[in-house]
Amino acid sequence: MAQLRRLPPGTLPPVVLKFDASSLPVCLITLKGQGLNETQLHDLGQYDVRNQIASVPGASIPPPFGGKYRQIQVYVDPTKLEANQLSPMDVVRTVNNANAILPSGDVKLGPTDFNIYTNSQFPTWMRSTAFR
């Protein structure tokens, strides 16, 4: 900590972690896909590969490292918002409420209990016209 002020700006302070043999990874999975971009690979690792490994008893599954996160950009017309007495946070809340993926139940197959998710995201045709 004494040397922290001599390091470049933005350098994080040191962290002390407990280390033992059980904290070493047993398996490292690397994804590569021809014809897939970074966002598609990240989604594949996050939602498909990670969920399959999570069913292994005793497995500790960290989130994927790398790739690009999926983003939604919404452009709003300030005059239309004001005319309808809405704020930008109203738009954010509407998108968040209408674009949720929530567990709708579970199914038990043998010793494993799986969550079942419903996809309530906007359909592709509606994404570009939702807030026009």
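No experiment lies behind these values; they were computed from the predicted model shown.

**A look at the overall build of the protein**
Here's step 1: Counting its secondary structure elements, the protein contains four helices and two strands.
Here's step 2: In sequence order, the protein lays out its α and β elements as α-α-α-β-β-α.
Here's step 3: Buried residues in the protein amount to 8% of all 132 residues.
Here's step 4: Looking at the protein alone, contacts between residues at least 24 apart form 23% of all its contacts between residues at least 6 apart.
Here's step 5: On the protein, roughly 11,900 Å² of surface is accessible, and the fraction owed to carbon and sulfur atoms is 58%.

**Let's talk about the layout of surface pockets**
Here's step 1: Computed from the structure, the second largest pocket encloses a volume of approximately 900 Å³.
Here's step 2: Lining of the second largest pocket is provided by 27 residues; of these, Cys-27, Leu-28, Ile-29, Pro-62 and Pro-63 occupy positions nearest its centre.
Here's step 3: A breakdown of the residues in the lining of the second largest pocket according to their chemical character gives 16 nonpolar, nine polar and two charged.

**Quick word on unusual backbone geometry**
Here's step 1: Its identity as a non-glycine residue notwithstanding, Gln-85 has a phi of 55 degrees, on the positive side.
Here's step 2: Look at Gln-85 and you get exposed, because its relative accessible area is 73%.

**What about the environment of Asp-77?**
Here's step 1: With respect to the element layout, Asp-77 can be found in the loop between helix 1 (38-54) and helix 2 (78-83).
Here's step 2: Accessibility expressed as a relative area gives 33% for Asp-77, which makes it partly exposed.

**Points about the pattern of salt bridges**
Here's step 1: Taken as a whole and assessed by the stated rule, the structure comprises one salt bridge.
Here's step 2: For Arg-93, the salt bridge identified is with Asp-90, shortest N-O distance 2.7 Å. Pair noted here: Arg-93 and Asp-90 are both in helix 3 (residues 88-98), with a separation of three residues, about one helical turn.

**Points about the confidence of the model for the protein**
Reading predicted coordinates in detail is not appropriate for stretches of low pLDDT.
Here's step 1: The pLDDT averaged across the protein works out to 76; a share of 82% of its residues lies at or above 70.
Here's step 2: Considering each helix and strand of the protein separately, the mean pLDDT is smallest for helix 4 (residues 124-127), with a value of 48, and largest for helix 2, with 92.
Here's step 3: Low pLDDT, under 50, characterises residues 125-132; the stretch is placed with six contacts to residues that sit more than four places away or in other chains.

Calculation criteria
Residues numbered from 1 in each chain as written. Predicted model: local features only at pLDDT ≥ 70, side-chain atom pairs only at ≥ 80, totals over all residues. Heavy atoms only, no water. Helix = DSSP H or I, 4+ residues; strand = E, 2+ residues; numbered from the N terminus. Buried < 20%, exposed > 50% of the residue type's maximum accessible area, 1.4 Å probe, protein only. Contact = heavy atoms within 4.5 Å. Areas by Shrake-Rupley, 256 points an atom, 1.4 Å probe, with all protein chains shown as cover. 1 Å grid on protein atoms, 1.4 Å probe; cavity = no way out; pocket = protein on both sides within 12 Å on 5 of 7 lines; lining within 4 Å. Points joined across faces, edges and corners; volume = space filled by probe spheres on them. Nonpolar A, V, L, I, M, F, W, Y, C, P; charged D, E, K, R; others polar. Salt bridge = Lys/Arg side-chain N within 4 Å of Asp/Glu carboxyl O. pLDDT = per-residue confidence, 0-100.

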